[in-house]
Every structure is written in structure tokens, then in C-alpha cells.
Amino acid sequence: MADNNLIRPDDNIQIPVHVGVIMDGNGRWAKKRGLPRKFGHREGAKNFRTITRHAKSVGVKYITFYAFSTENWKRPKDEVDAIMELFEKYLDEVRDFIDENIRVRFIGDRSGLKETLQRKMASVEEDSKDFDSMTLVLAINYGGRDEICHSVRKIARMVKDGELQPEDITRDLIEKNLYTEEIPPLDLVIRPSGEQRLSNFMIWQAAYAEFYYTNILWPDFRSEDFDRAVIAYSERNRRFGGI
Ligand code: FPP
């Protein structure tokens, strides 16, 4: 581990199993430097790799990055194209994670994405499916409300086909039909850049998550900042509705 890491293996720290990261502030990072917004996304994408590796080194088992929301299509075409290009590029590089025993999964509505991108996503998932050191989840064309609709639609079809009765619909069943399927709920959500909202990110899975906000813009968010979030999480008292 690098020397500037704040968490040491023998520290008595509760490591969250599943961390969600809302990569916010790329546009402002670029603007502050007088650069087009897409440069901010480029830096943000680089940082996603650094933080993924760091999360693995501290013992996080699942990390989800909110990379593109169902609402992000409203952005100027030039910016959307730049983000899609970054996905293509990083999907090729994400193959490096395979050598590091990291399983890669995608959540979101893939049908709205370019065919080449969809094919790359499927092949990375397939090639990494048996790895177990950590699961990296990328939320692309993802929306929490959309995901719940998608689950409910699947269940409605089963009811229509007579495979299920309405009474069989439980929280568990809805959960199993979400994009996340077997991925555990979020323990900690990190949102940099000063915004304090969930923005339709894993609204079901974040029901009991702890939140950590910081004013640092995502491209400037370092491994030490990740450690600070984990330490803050470790100091909280989670009650899950109990006392
Ligand atoms: C939010 O910052 C960021 C996005 C909507 C895009 C995030 C995408 C990437 C970092 C690119 C590639 C990712 C991967 C995983 C390869 P913002 O643009 O809303 O920032 P602002 O609030 O300062 O405008």
C-alpha cells in the first residue's frame, strides 16, 4: 500500500462491503481550468481506475460507480459523445482488472447504448464472471426508478403467464429482479463535489446506506479521501430501524 493511505491492515476499522460512488464535479473541475467539460470527464475516468484499485486494497468487496444516468442524455451531444468514447476506451482497459481477479458487472438499460459498446460489456462480464477478489459495478444508462420499473415489469409477466400469484410478490422477489440481482445492498454512498442528493442512484439498494459528502471535485478525489469516507463510515452506528 502507498504511504499516504490512511487505513492500515491492522487498524480496527469496519470496512463497508459495498460502496457506491457518484462521480460528480467533472464539469466544474474543467471549467475552473478554462477547459471544455469533456476534459473533466477524462480526468474523472482516470480517477475511477485509481479508486477502484485502492478500494480493493482496503478490502471493499463491491464498488459501484454511477457513470451515466438515464437523465444524462439531456446533456449537449458533444458531451454525451465524449463520455461514450470514454466508456469504449475504458472498457478495453477494464480488461486489466481481469488480471487482478476483479469481476466486472454493468447495471442499467443497455438497449439504449451503441451495439459495439453492448458487445464489449457482455464480453467483459463473461470473461470476468468467476473472479472474486472484488466486484466492480458500472452503472451506465442507469436510473433507480427505471430499475424498479424493469423489475416490476418482469414480475408482471410471470404473473400474466400464471407462474406466480400477486401474493407471491415480496421485497425479496423485487430485489432479485433488479439489475443488481445477487449484489448486496449499499453500505456507504460517497458523493463528492458538494452536492447532497442521491440523484436516482440505486434508490432501492441505498435504503439503509450511510452517506458521505465532500466538497472535493471527483477528479481531485484521492485514495486518502476514500479512506476518510471509510473511517467516517466505521465510526457511525447503524441501527437499520432498530434501537
Ligand atoms: C458528473 O459530473 C459526471 C458524469 C455525468 C459523467 C461521469 C463519467 C465519467 C467519469 C466518464 C467515464 C467513466 C468510466 C467509468 C470509464 P458533472 O459533469 O455533472 O460535473 P458538474 O456537476 O461539475 O457539471
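None of these values were measured; they are calculated from a predicted model.

What counts and what doesn't
Residues numbered from 1 in each chain as written. Predicted model: local features only at pLDDT ≥ 70, side-chain atom pairs only at ≥ 80, totals over all residues. Heavy atoms only, no water. Helix = DSSP H or I, 4+ residues; strand = E, 2+ residues; numbered from the N terminus. Rg over C-alpha atoms; globule rule 2.2 N^0.38 Å. Buried < 20%, exposed > 50% of the residue type's maximum accessible area, 1.4 Å probe, protein only. Contact = heavy atoms within 4.5 Å. Areas by Shrake-Rupley, 256 points an atom, 1.4 Å probe, with all protein chains shown as cover. Pairing = 2+ DSSP bridges. Axes fitted to C-alpha atoms, helices over the stretch in contact; angles between N-to-C directions. Near = heavy atom within 4 Å. Polar contact = N/O pair within 3.5 Å; in protein donor to acceptor, adjacent residues only side chain to side chain. 1 Å grid on protein atoms, 1.4 Å probe; cavity = no way out; pocket = protein on both sides within 12 Å on 5 of 7 lines; lining within 4 Å. Sits in = over half its atoms within 2 Å of the grid points. Nonpolar A, V, L, I, M, F, W, Y, C, P; charged D, E, K, R; others polar.

Caption draft 1: Representation of the overall build of the protein chain in the model. Summing up its helical and strand segments, the protein chain has 8 helices and 6 strands in all. Listed N to C, the secondary structure of the protein chain is β-α-α-β-α-α-β-α-β-α-α-β-β-α in terms of helices and strands. For the protein chain, the C-alpha radius of gyration of 18 Å lies close to 18 Å, the compact-globule estimate for 243 residues. Residues classed as buried in the protein chain amount to 49% of the 243 residues present. Sequence-distant contacts in the protein chain: of pairs separated by 6 or more residues, those separated by 24 or more amount to 77%. In the form shown here, the protein chain has an accessible surface area of approximately 12600 Å², with 49% of it arising from carbon and sulfur atoms.

Caption draft 2: Main features of the sheet that holds strand β6 (residues 210-213). With respect to topology, 6 strands assemble into an open sheet ordered β3-β4-β2-β1-β5-β6, the strand pairing being parallel. The open sheet terminates on both sides in strands that have one partner only, identified here as β3 (102-107) and β6. Taking the axes of each pair of neighbouring strands and ignoring which way they run, one obtains an average angle of 20° across the sheet. Lying on the sheet, helix α3 (residues 77-93) is in contact with β2 (62-69), β3 and β4 (134-142); it crosses β2 at an angle near 145°. The strands that helix α8 (residues 223-234) touches are β1 (18-22), β2, β5 (188-191) and β6; relative to β5, the one it contacts most, it runs at about 140°.

Caption draft 3: Looking closely at the side chain of S223. Topologically, S223 is positioned in helix α8. The exposure class assigned to S223 is buried, which follows from its relative accessible area of 13%. Residues in contact with S223, not counting those within four places in the same chain, are N5, T50, I51 and H54.

Caption draft 4: Expanded view of the site of the ligand. Near the ligand, the surroundings consist of 19 residues, among which M23, G27, R28, R37 and R75 are the closest. Within the backbone of R28, one N or O atom sits 2.7 Å away from an oxygen atom of the ligand. A distance of 2.8 Å is found between an oxygen atom of the ligand and a side-chain nitrogen or oxygen belonging to R37. For the ligand, whose accessible area on its own is 630 Å², the fraction buried by protein is 92%. Placement of the ligand is best described as lying within the largest pocket. Elements supplying a minimum of two residues to the shell around the ligand: α1 (26-32), α2 (37-58) and α3. Here the shell around the ligand gets 5 residues from one element, more than from any other, and that element is α2. Considering only residue class, the shell around the ligand consists of 9 nonpolar, 6 polar and 4 charged.

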